[in-house]
Every structure is written in structure tokens, then in C-alpha cells.
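A structural walkthrough
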Protein chains: 2
Amino acid sequence: MPREKKLTIRDIARLAGVSRSTVSLAINDSPLINDRTKAKVLKIIEEVGYRPNAMARGLVSDTSGAISVVVPPVGHVFSDWYFAESLSGILDAASAADFRVAIEIATEDFKSGRRAVQQFEERRTDGLLAVGALVTDDYLERLLEAGRPVMLVNSELGRVPAVIADNVEGTVAIVHHLASLRHRAIAYIKGLDITTTGRHRDEGFRKGLQLAGLPFRDDLTAFGDFTEASGYEAMGQLLDRKPLPTAVFAMNDMMAIGAARRMKEHGLLPGRDIALVGGDDAPLARYVEPPLTTLRQSMYDLGAEAARLLLKWIRTKQPPPPRTLLHTELIIRESCGARLASARRGGQLR
Amino acid sequence: MPREKKLTIRDIARLAGVSRSTVSLAINDSPLINDRTKAKVLKIIEEVGYRPNAMARGLVSDTSGAISVVVPPVGHVFSDWYFAESLSGILDAASAADFRVAIEIATEDFKSGRRAVQQFEERRTDGLLAVGALVTDDYLERLLEAGRPVMLVNSELGRVPAVIADNVEGTVAIVHHLASLRHRAIAYIKGLDITTTGRHRDEGFRKGLQLAGLPFRDDLTAFGDFTEASGYEAMGQLLDRKPLPTAVFAMNDMMAIGAARRMKEHGLLPGRDIALVGGDDAPLARYVEPPLTTLRQSMYDLGAEAARLLLKWIRTKQPPPPRTLLHTELIIRESCGARLASARRGGQLR
DNA sequence: TTGTAAGCGTTATCAA
DNA sequence: TTGATAACGCTTACAA
């Protein structure tokens, strides 16, 4: 069992026969140091396996070399893949810049501001990234006002810089697609108004109808809360309408999946008897039957881009632009793959 | 914009009219300090919103107050939910103990040992938790030998302490269940040998057959790599067997889902014509058709328990027991819900 | 019970 | 180009 070696910069200085400050210059690749001296010092550092103490460095530089990612508490409307994918993007971008990533849970305690502010005041973090923040999370705005580097991943909140998916444009594309399939009566399963994504999809849906020359129909609108169960319930209401809508847009995939279950219980097969579109491109979307047409927003890309902007902000002290939009992509699968006319002929999909 | 206040222990000392060390004693709730003095100091700290600099504290105490979680690089055999659930458990347990959690990606660079060791040598982390480590990740053993607190979540590796699900017992229960449904010819879709979970399920499957008095049949064994596609392929091979097996055990859910797809293409409905069991209880398992019978191992519990043991290790300097087993649970759903006899009568499930 | 002073391991300033 | 030396903000003997 190798004994706990605890090398410091003094040891290196002694071994190299130079002073501590010379070692420091070598470590930090300063132009003030002679190449020969630097090489000699670095060689010794390599040999003995010395690593500078991050705490001591941080104490002097007043930085931590870490950013925090705030995630919603478990049980939130965003399911795991959403968080996991954005975290992957954040991790990759941060690691590339040699930053560490710490995770924080957005408990009420944290959001009340106390704990969030503390992370900065204790110099534990250099910046903060909020994934899946709600429009009610105003603690982020307070951090921003206090001059802290704070960014949002796929949500909007006051003047806090954000990287978001262009769900308005994407949902317009959904309606356009349905309209091009000759659908005139498009039902709508709307989610909650607390997420930016939801609000943008609502905006896009209405805009899309307008562009297609279709009216927004309250009688074809039902409400859910982003869960599978709420989609099932909402679809139940829509099935009472006469005549039935020929297409349904559910604001997210889980509600769409719930709606599909209700449709099938009612003897209607999505994609053959009725068109169904969701949103998110959750992993599940391609496995349900029939596979779900949906709107893909790459959470990985959103997370990575947000991390890059945050790190640049930390480095340069210059805040990024308030909004960075990333494209969404309409993923067409069997749940609305066929034209309405051919669907009516009862053609088997898949 | 409130200006950047940067309070130090000196400011508090001055405001409270005491010395810096007295403030320190108050912060750390020392018994050496007078209650009145402590109250006075803490009141001022509260009022002005002072927070001790974590770097300075860490420099003195030689601890970071953070643990690292090492996760496999994206694209690994474990899908996102696996990581996301265990991370949730780890986060909850660590937060409860007022520890922070930093994420590291197990890149080759990291695993080579250099980066992993550096995290400790730079005093950035007090302990390390590896989720989904492979049996080839021997850098963890080297860390352990160097006296670092290191634990495994649901894998085994040398003498590194681990918290794992009892997949042997669980898989025995699967075979027992199938045998009790009168299945005698149980086909087997085996995954890779690089995961502990896989090896334990293999062990449990063989043990289960033995207990049921059934032979292990090479001719009913096919191989996959834990992916949906590989399950699909493996099932294709098994469908060539005459007579067909009446039941199939796939080592994990994704392979089982692939197998189900192949069965259906072949005109066989899992749960009616053939019994199918997977493993993991992935979120997807309950949404596929028919819903999949599977073996649940709570990754949340495994993560939380591992974090608790790691933190205790850090606190007490006493390593935990080498193995902590957590129970698995057989989740019976439609894919093998009926007895073979009734299934043969063609009864509609669900 | 409180205060003084000596570190902790770096970086930065300023002479040499 | 290099080497003393003074911060950085805190904890902890040791003294008072």
C-alpha cells in the first residue's frame, strides 16, 4: 500500500533547485520563464506525479473551475431522458474546457435563493446552468442581477440568457404538415402554461393554423399536464366530438402516447384512422405502436451550446446574447405517416 | 445592480467586536465558545449574509466537501434511465449529508488512471462513485489501493466495495416463475460478459434451471449485446428451432423488446403464443405491447445506498463491507402473464 | 472564554 | 529570468 504522498510546490522547488515561484510560472506556462528551466521543472513534476492543490489555487484566483447544473426535483414534468441528454451535452462541453460540473437539485430551499446564492458566495461555483427551469423560478433572475453568470437550457425567464429550441417554428411545421395531408379539423391537447416549451408550442400551433387558413377551435381543444394519463383523459373528451377530428396534435409525447392508448381502446388506429403528432422525440416515441410523429429538439445540443456560452461568459466577463435559438426537426413516423385519403382506404401501415 | 460584496471572516469579527478565531468557533459550532457570544456572532452573520469561503476552508481542512460520480461515456450499453435513476439516488443522499456531487465522464483518458487520480491529488473530491463500471475498469482498484474512498454502484470489481442488486436471486425467481407455468423449453438470449449484472443473471439463469430440474440447452441459447437490434437478431435464430421454445428469457429489456418485435413479425404474440421475460424494468418495459415481464432493480436505491456508505467511509475513515446486496423484484406483466395452458387456448390477454 | 499567531498551498508583486 | 515575500480566507494551537 503506497503511503499517502502529499507533494507541494515546495517539494518540486527543492527537487528542481529553484524557487516556488519559478515552479508556479512553469506550471502556468508563463512567458516569463526560460524554456530550459520550464522543461526541467515540468520533467520533475511529471516524474514525481505532482498535482497542484486546486483549493489553494482557487483561494488565490477566486475561482473554482466548476459550474453547477440545476435540475428539477424528481417527479417533475420532464422525464429522465430530457435531463440526461442535456447533461451529456453540458458535460462534454465543460470537460472539453477543463471545467468540472456539479449537480444541484432545485429544491424549494435551493430556489428560495439562499442556497443558490451560497454556492457563489462560498466560491464553490463559477456559473450556473438551469435545465428545465420553470417560469416561476425567479431566483435565477436575482442571481443574474447580482452579476452571476447564469444561463437557461430550453426555457425563458426575464433577462436571463437562454439557449432554446425553436419550438414556435417547429410547431408551425407540424401544422403545415398536417394541413398538407388535407387535415382541416386538427384537435389540440394542450399542456400546462408553466414551461417555455409549452408556451412556444402553443404559439406555434396557433400561428400554424393561421398560416394554413384554419380557425383555432375551442371545441377541439382539451387540456392535460404533460403526463400520459392526462393525454388519455383529454383524448376521451375529444372522442365525444361529432364529427371526430381527423388529426390530433398533443403538445408532448407522453400526452400523445396516452391519447394513442385511448384511441386504440376506441377502435381507432393512429396513422390509419386518425393522425397523431406529439412533441419532444422522447426515446419512447419510436417504440410505441404505431411509432409517433413528433418534434425533435436535441437536448444534447442545447446543453452543450449553453455550457459553451456560459464558460465564455465566465472567461471573458461578457454576457452572451439573451437568446440563442436552435432548430427543431419534424420527425415523421407512422402515427401520421400516410395521407388522409390513403389512410381512409384502410391501408395497413408498417 | 448591487455591488459585489465580498465579506470575509475579518469583516464579521470587526462588526461583532470579536476576533477572527471567535467567529470561526461560532461558525463551526464549537463547544469552546460562550453561547451569548456565539449567538451574537451568528446574528450578525445572518444579517449581513456572510458565507465562509469554501476554498479557504478546504485548504485548511484538506477536504472538498464533494464526491465525484463517474459515468460511462454516452453510447454505452446502459441507457439513460439507468444513469439518471442512480444519479437521483446519489444526489438525494449526498445533499442530505450536505455534500456536493460532481460528474465525471469515464473517458479513456480518465480511466487510464491519470485523470481519476488527479481529482484526488488536486483535492477536488473526497470520494468516488462509479456507476455502470465495467469489469475492465481497473483504475478503480488502483485508487482503492492508494487508500481513496471508492465505491461501485451495481457492479463488481476486485476488492472495491460495491452496492449491487441481487440479480442471481432475481433470475432464479424468473426461471422458477416460468417453470411454474409449465414451461420446459426456455430459450435464452444472453448479453455480453463485461457487466456484473449480466454475469449474475447468467449465473441465476443456470442455477434456476438446475433448481427446476431443467437442463441448460445450448441449442436454445442465442447471443446479443444488450441492444434492441441484437435481441431482434437473436430471436430470429431461435425461431428456426424445431420445436419452438415456449418461453424466452432475454437478459435485459432492450433485447427482450427486440425479441418481441421479431416474434410479432413471425406472427407470435408474446404472452399468448410464447412467454417473454426481460430484465431491468426499464421505463419502456411497461409501454411496449404487450407490457414486458421483467426483473426490477431499483437504481435509485442502489445509488442512494452507495452514496451513504461512501460518505460514512469518508467521515469515519472506515471502509464499508465489500458487498452490499439489495433485493430485486420480479415484475409480472402481460408478456408472460398467462399460464401456458390457457395461453394455448388462445385467450386474449389485456 | 477569547485573542494572537502560525500555518494550509498557491499566485502575484517587486527586487535583484 | 529568477527568488523572496506578501497576500488569499480560514482553522487551530497556544497564550492570556
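Here goes a summary of the coordinates provided. (Residues numbered from 1 in each chain as written. Chains lettered and ligands numbered in written order. Predicted model: local features only at pLDDT ≥ 70, side-chain atom pairs only at ≥ 80, totals over all residues. Heavy atoms only, no water.)

On a plain count of helices and strands, chain A comes out with 14 helices and 12 strands. Relative to its length of 350 residues, chain A is extended, with a C-alpha radius of gyration of 26 Å against a globular reference of 20 Å. For chain A, the spread of C-alpha atoms along the principal axes amounts to about 90 × 40 × 40 Å. For chain A, the proportion of its 350 residues judged to be buried stands at 56%. By element, 52% of the accessible surface of chain A is carried by carbon and sulfur atoms, the whole surface being about 15,700 Å². Distance from the positive charge centre (47 side chains) to the negative charge centre (43 side chains) of chain A: 4 Å. (Helix = DSSP H or I, 4+ residues; strand = E, 2+ residues; numbered from the N terminus. Rg over C-alpha atoms; globule rule 2.2 N^0.38 Å. Buried < 20%, exposed > 50% of the residue type's maximum accessible area, 1.4 Å probe, protein only. Areas by Shrake-Rupley, 256 points an atom, 1.4 Å probe, with all protein chains shown as cover. Lys, Arg positive; Asp, Glu negative; His and termini not counted. Charge placed at Lys NZ, Arg CZ, Asp CG, Glu CD.)

Each copy of the chain is related to the other by a rotation around an axis and a translation along that axis. You can overlay chain B on chain A at an RMSD of 0.1 Å; the transform is a turn of 180 degrees with a shift of 0.0 Å along its axis. Such a combination of turn and shift is consistent with a two-fold rotation axis. Taking the C-alpha atom as reference, chain B places B:Ala102 closest to the rotation axis, 2.0 Å from it. Interface overlap between copies is the fraction of interface residues in one copy that are interface residues in the other; for chain B against chain A it reaches 98%, indicating a shared surface. (Least-squares fit on C-alpha atoms with pLDDT ≥ 70 in both. Contact = heavy atoms within 4.5 Å.)

The next subject is the sheet that holds strand β2 (residues 100–105) of chain A. Strand order in the open sheet formed by 12 strands is β11(A)-β5(A)-β4(A)-β3(A)-β1(A)-β2(A)-β2(B)-β1(B)-β3(B)-β4(B)-β5(B)-β11(B), with mixed pairing between adjacent strands. Looking at the sheet topology across the chains shown, the edges are occupied by β11 (323–326) of chain A together with β11 (323–326) of chain B. Each strand axis lies, on average, 25 degrees off the axis of its neighbour in the sheet, ignoring direction. Of the pairings in the sheet, the one linking strand β5 (residues 162–165) of chain B to β11(B) comprises four bridges and is parallel in character. Each bridged residue has a counterpart across the sheet, and for B:Ile164 the counterpart in β11(B) is B:Leu325. Strands β1 (66–71), β3 (127–131), β4 (150–153), β5 (162–165) and β11 of chain A of the sheet are contacted by helix α13 (residues 299–316) of chain A, whose axis makes an angle of about 170 degrees with β4(A). (Pairing = 2+ DSSP bridges. Axes fitted to C-alpha atoms, helices over the stretch in contact; angles between N-to-C directions.)

Along an α-helix, residues three or four positions apart point the same way, because every turn accommodates 3.6 residues. All names here are of chain A. Across its 14 residues, helix α3 (residues 35–48) extends 20 Å between first and last C-alpha, which sits within 8% of the 20 Å expected from 1.5 Å per residue. Among the residues of α3, Lys-38, Val-41, Ile-44 and Ile-45 are the ones counted as buried. Across the axial projection of α3, the buried residues extend over an arc of 135 degrees, all falling on one side. Away from its buried face by more than 90 degrees, α3 exposes Asp-35, Arg-36, Lys-43, Glu-46 and Glu-47. Contacts made by the buried residues of α3 are with α1 (9–16) and α2 (20–27). Two or three places before Arg-36, at the start of α3, stands the capping residue Asn-34, its side-chain oxygen 2.7 Å from that residue's backbone nitrogen. (Expected span 1.5 Å × (residues − 1). Arc of directions from axis to C-beta. Polar contact = N/O pair within 3.5 Å; in protein donor to acceptor, adjacent residues only side chain to side chain.)

Residue and element names in this part refer to chain A. Running from N to C, helix α11 (residues 228–238) and helix α12 (residues 253–265) cross one another at 45 degrees; their axes reach a closest spacing of 6 Å. Overall, the two elements α11 and α12 adopt an arrangement that is oblique. Crossing geometry of α11 relative to α12 is assigned as right-handed. On α12, the residues that touch Glu-228, Ser-230, Gly-231, Tyr-232, Glu-233, Met-235 and Gly-236 of α11 are Met-254, Met-255, Ile-257, Gly-258, Ala-259, Arg-261, Arg-262, Met-263 and Glu-265. Residue composition of the contact of α11 with α12, grouped by class: seven nonpolar, four polar and five charged. (Parallel < 35°, antiparallel > 145°, perpendicular 65-115°, else oblique. Left-handed = near helix turned anticlockwise from the far one by under 90°. Nonpolar A, V, L, I, M, F, W, Y, C, P; charged D, E, K, R; others polar.)

Here we take up the protein's contact with DNA strand D. Residues in contact with DNA strand D amount to 24 residues; listed here are only the nearest, A:Thr22, A:Thr37, B:Ile9, B:Ser24 and B:Tyr50. Sugar and phosphate atoms constitute 67% of the interface atoms of DNA strand D, taking the interface as everything within 4 Å of the protein. In this structure, a phosphate oxygen belonging to DNA strand D sits 2.2 Å away from a side-chain N or O atom of A:Thr37. Elements supplying a minimum of two residues to the surface near DNA strand D: α2 and α4 (54–61) of chain A together with α2 (20–27) and α4 (54–61) of chain B. (Near = heavy atom within 4 Å.)

The elements touched by buried residues of helix α3 (residues 35–48) of chain B are α1 (9–16) and α2 of chain B. Once α3(B) finishes, B:Gly49 follows within two positions and takes phi at roughly 70 degrees, a positive value.

Taken together, the contact between chain B and chain A spans 56 residues of the former and 56 residues of the latter. Of the roughly 4,900 Å² buried at the junction of chain B and chain A (both faces included), carbon and sulfur atoms supply 54%. If you sort the residues of chain B by the area they bury against chain A, B:Arg51, B:Met55 and B:Arg100 come out on top, with a joint share of 16%. B:Lys6 serves as the salt-bridge partner of A:Asp62, at 3.3 Å between the closest nitrogen and oxygen. Inspection of the chain B/chain A interface yields 14 residue pairs in polar contact (both at pLDDT 80 or more). Counting residues per element, the ones that place at least two in the side of chain B that touches chain A are α4, α5 (80–96), β2 (100–105), α7 (114–121) and α12 (253–265) of chain B. (Buried area = accessible area lost by both parts, 1.4 Å probe. Salt bridge = Lys/Arg side-chain N within 4 Å of Asp/Glu carboxyl O.)

The values are spatial; any link to function lies outside them.
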